[in-house]
Amino acid sequence: MVDEKPHVTQALLYLDGVSVSFDGYRAIRGLSIYIEPGEMRAIIGPNGAGKTTMMDIITGKTRPDEGEVLFDAGKYDLTKLDETAIAELGIGRKFQKPTVFESHTVADNILLALKGPRTARASLFGWRNNVEREKIDEVLTTTGLLDHRDRPAGVISHGQKQWLEIGMLLAQDPAIMLVDEPVAGMTDAETEQTAALLKDINKSHSVIVVEHDMAFVRALDCKVTCLHEGSVLSEGSIDKVAGDDRVIEVYLGR
Amino acid sequence: MITKYIVSRLDGMGLIFLAVMAAVAVFVPLSNLLLPPTSVFYVPTYLMALIGKYLCYAILAVSLDLVWGYCGILSLGHGAFFALGGYAMGMYLMRQIGTRGVYANPILPDFMVFLNWKELPWFWYGFDMFPFALLMIFLVPGALAFVFGWLAFRSRVTGVYLSIITQAMTYALLLAFFRNDMGFGGNNGLTDFKDILGFNVQAQGTRATLFFLTALSLILSYLLARWMVTTSFGKIIVAIRDAESRTRFLGFRVEHFKLLVFTVSAAMAGLAGALYVPQVGIINPSEFSPANSIEAVIWVAVGGRGTLVGAAVGAILVNFLKTVFTSGFLAPYWLFLLGAIFVIVTLAVPKGIIGTLNGYYERWRGNDAEARWHRKSAEASNETEAGAKIHG
């Protein structure tokens, strides 16, 4: 089966002809996207274009009605796995609405995300009980949260929660990160810092970023895919996509 | 070494609680056995039995706090596990009666002879041996919780739906155990016990020993629960409580964690029931009644969810009030009072007694991470201001 599609063997993440409907509404229609190892990809598109649904399909939250979703050069069929198994394969996700463990401290949020055995037995007797402070502080330094390490994650600002979640992704050290609207609700300065942070992360991880903020996407300086009504409308450099007449049309309306 | 390890896992409340419990475990039985009834410090047998009952409820409350307070599984059927542990102990005690029953049948308990049964049902086999009964005390509630939890958690039944099916579970067991042909003594349950391990259950020495074992079990249950919640396992179950799907996307098998904590909790509740039965002298289907399980939830809420100590304190306090109010002229108003307590606690002290006290204590110690952070950032901004003035 893999032999029929030789290009599958190269892509880290391979979506082909994926469709899904909710109560008759086709949120995704024949979507095909290929992400190469080490790539940074920005996904843009108007509301309802299917960006978050695409994330849901990749991470196992939603099962597609048809189409192929393969990971790691076609080795794993993600449509057959659940959220936990997919996360274990090395696909990390940051949610649109920052979702951190609010009653845990910032440091504990990172602790729980750290890569390593995740069984119940390991959690009772294992290494996660003896993690060196430095390991956590390293991530907190990268994300600029070191001063907040002992505060409950519920009380830090919205932008800091976004960073904490990116920090959790870093600690998880996945092969690919799906980052949903990382700069929503951030100031311009914070947005710039986030772009720099993601570019830095991209040196060792593949990253998919879903974002509305065009200045931010431009700062990421990567290949851009514009979705519309559940399929790819335009793909290429930011200048090519932003200059595409159809893209301008769906963003500005007819 | 071990003591140091245990102490390192406790907070102030835990140490106080353990010290008090250890004192109670030693003082109450000794006072009952050794002091003359005229002494001021004498604990009469009825009082010892009463406190022993409270301590059993405290174990049940700790087990419920473990699943509800930490993992967010609001079980409205924990009384079922308590009752199953109680029935396992009751079956052992029934088999110990032997020929001293009314019908003097060496094998069959009285109620079976009365029902004209000729043979012991298979599920009564082995209960004449204490080690087997002891195993069943943990195994039967644990196995039920495992199967129930496996089905429920795998299908991702959560929140109020889970609470409703736990309630249905205990109600179904209530109806089943009421039936005479189930072979558990029907409506009357199991009673009229004689011996436990060869000692007369009515004897003062046996009662004192049972009391000591109950207090010891409460201490050990607390330590086990405390150990579980202070490891990274505890952090993960709290994470599940607060953001279940996030935990799943982090790569944790949420259903395994829930299943483990639910099963351990059920076995703990079973132990509580097993200690309860020889002290009160009876176990009958009313222990399965949904109201019992709901009452246990109220104890935990009153004492403080997610504190363990609070659960035990809540159980003891509410049951003490129940004893006071259900004897005498106030008896008809007890349920109103219980309801009022629950409403008042929910509105006025949502963290419960111990949760609120912990909050005050932290603030008094200046230990509160949030306060410390604010102080630190205030100092930092003062320095910057001072610096600005100098440079300006």
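It should be emphasised that the depicted structure is a prediction, and the values quoted were computed from it without experimental measurement.

## A word on the interface of chain B and chain A
On the side of chain A, 27 residues touch chain B, which itself brings 22 residues to the contact. Elements that contribute at least two residues to the side of chain B that touches chain A include exactly α9 (232-242), α10 (244-249), α11 (254-280) and α16 (369-391) of chain B. When residues in the side of chain B that touches chain A are grouped by element, the largest group, 7 residues, is from α9 of chain B.

## Regarding the sheet that holds strand β8 (residues 206-210) of chain A
All names here are of chain A. With mixed pairing, the 6 strands of this open sheet are ordered in space as β6-β7-β8-β3-β9-β10. The sheet terminates laterally at β6 (91-94) and β10 (231-236), the two strands that pair on one side only. Taken over all neighbouring pairs, the strand axes of this sheet differ in orientation by 20° on average, direction set aside. Packed onto the sheet, helix α10 (residues 245-252) meets β9 (223-228) and β10 and runs at close to 125° relative to β10.

## Notes on the packing of helix α3 (residues 45-70) of chain B against helix α8 (residues 204-230) of chain B
All names here are of chain B. For the pair α3 and α8, the least separation of the axes is 9 Å and the interaxial angle reads 15°. The orientation of α3 with respect to α8, classified from their angle, is roughly parallel. For the pair α3 and α8, the sense of crossing is left-handed. The class makeup of the residues in the contact of α3 with α8 is 18 nonpolar, 7 polar and 1 charged.

## Considering the sheet that holds strand β1 (residues 13-22) of chain A
What the 4 strands build is an open sheet, ordered β2-β1-β4-β5 (chain A); its pairing is antiparallel. Looking along the sheet, the strands with just one partner apiece sit at the ends: β2 (25-35) and β5 (76-77) of chain A.

## Comments concerning the packing of helix α12 (residues 290-303) of chain B against helix α14 (residues 334-348) of chain B
All names here are of chain B. The contact between α12 and α14 brings their axes to 9 Å, and the two run at 40°. As judged from the angle between their axes, α12 and α14 are oblique. Handedness of the crossing formed by α12 with α14: left-handed. Contacts between α12 and α14 involve Ile298, Ala301 and Val302 from the former and Leu338, Ile341, Phe342, Val345 and Thr346 from the latter.

## Examining the pairing of β9 of chain A
Residues and elements named next belong to chain A. Here strand β3 (residues 40-44) runs beside β9; their pairing, made up of 4 bridges, is parallel. Each bridged residue has a counterpart across the sheet, and for Ile44 the counterpart in β9 is Cys226. Sheet topology places β9 next to β10; 5 bridges connect them, and they run antiparallel. Across the sheet, the residue bridging to Thr225 is Glu235, located in β10.

## Quick word on helix α13 (residues 309-326) of chain B
All names here are of chain B. In this model, α13 (18 residues) spans 26 Å end to end at C-alpha, consistent with the 26 Å of a helix rising 1.5 Å per residue. Of all the positions in α13, only Val309, Gly310, Ala311, Ala312, Val313, Gly314, Ala315, Val318 and Asn319 are classed as buried. Just downstream of α13 lies Gly328, where phi reads positive at about 95°.

Reading the values: the criteria
Residues numbered from 1 in each chain as written. Chains lettered and ligands numbered in written order. Predicted model: local features only at pLDDT ≥ 70, side-chain atom pairs only at ≥ 80, totals over all residues. Contact = placed C-beta atoms within 7 Å. Helix = DSSP H or I, 4+ residues; strand = E, 2+ residues; numbered from the N terminus. Pairing = 2+ DSSP bridges. Axes fitted to C-alpha atoms, helices over the stretch in contact; angles between N-to-C directions. Parallel < 35°, antiparallel > 145°, perpendicular 65-115°, else oblique. Left-handed = near helix turned anticlockwise from the far one by under 90°. Nonpolar A, V, L, I, M, F, W, Y, C, P; charged D, E, K, R; others polar. Expected span 1.5 Å × (residues − 1). Buried ≥ 20, exposed ≤ 12 C-beta atoms within 10 Å, placed from the backbone.

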